[in-house]
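Geometric and topological summary
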Amino acid sequence: MFSTLIVGSFIGYFANIYQEKLYQKHYLRKRQEARLYLPCVAGLFLPIGIFIYAWTARPEIPWIVPAIGLTIFMSGGFVIYMVVFCISQIAMGHMHHQPLQAKACVEIWPHQSFLFSRHNCFLA
């Protein structure tokens, strides 16, 4: 099943190349909104892929069906991730790394905060 995530990432990568061509074509008329064509479609891929995976993860259904669902999910997720990253660079300019660092701190902090709590499970 992990190979489906790799295949979905490659599909998302090639879709992102197509998205860049659309962006270059429509930039003069739409500006930054020209980057949002493909994510509108990819936003539908996320729930569709997860529903396919969830509803077909049973022993009587062939393994390829949930694998197709995961591939659809990953391709949509990759497209959305790339567009969000590109739009944050455009919006923040030379300071685009600050929101990404804040996001990393918010994700990491809860997992490491128990080390400094009063009732630490590692201290006797």
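In the block above lies the structure referred to throughout.
Now for a look at the structure at hand. Treat the numbers as computed from the prediction; the structure is a model and nothing was measured.

1. Points about the packing of aromatic side chains
If you walk through the whole model with that rule in mind, you get two aromatic pairs. Between the aromatic rings of Tyr13 and Phe14, the centroid separation amounts to 5.5 Å while the plane-to-plane angle is 65 degrees, which identifies the pairing as edge-to-face. Overall, Tyr13 belongs to the partly exposed group, its relative accessible area being 41%. Taking the centre distance of 4.9 Å and the plane angle of 20 degrees together, the rings of Phe51 and Trp55 count as stacked. Of this pair, Phe51 and Trp55 both sit in helix α2 (residues 37–55), four residues apart, roughly one helical turn. For Phe51, a relative accessible area of 43% puts it in the partly exposed group.

2. With respect to the pattern of salt bridges
Under the definition given, this model contains one salt bridge. Arg58 is the salt-bridge partner of Glu60, the closest N and O atoms lying 3.4 Å from each other. We classify Glu60 as exposed; its relative accessible area is 57%. Residue classification places Arg58 among the partly exposed residues on the basis of a relative accessible area of 44%.

Cut-off values and rules
Residues numbered from 1 in each chain as written. Predicted model: local features only at pLDDT ≥ 70, side-chain atom pairs only at ≥ 80, totals over all residues. Heavy atoms only, no water. Phe/Tyr/Trp six-rings, centres within 6.5 Å; stacked < 30°, edge-to-face > 60°. Buried < 20%, exposed > 50% of the residue type's maximum accessible area, 1.4 Å probe, protein only. Helix = DSSP H or I, 4+ residues; strand = E, 2+ residues; numbered from the N terminus. Salt bridge = Lys/Arg side-chain N within 4 Å of Asp/Glu carboxyl O.

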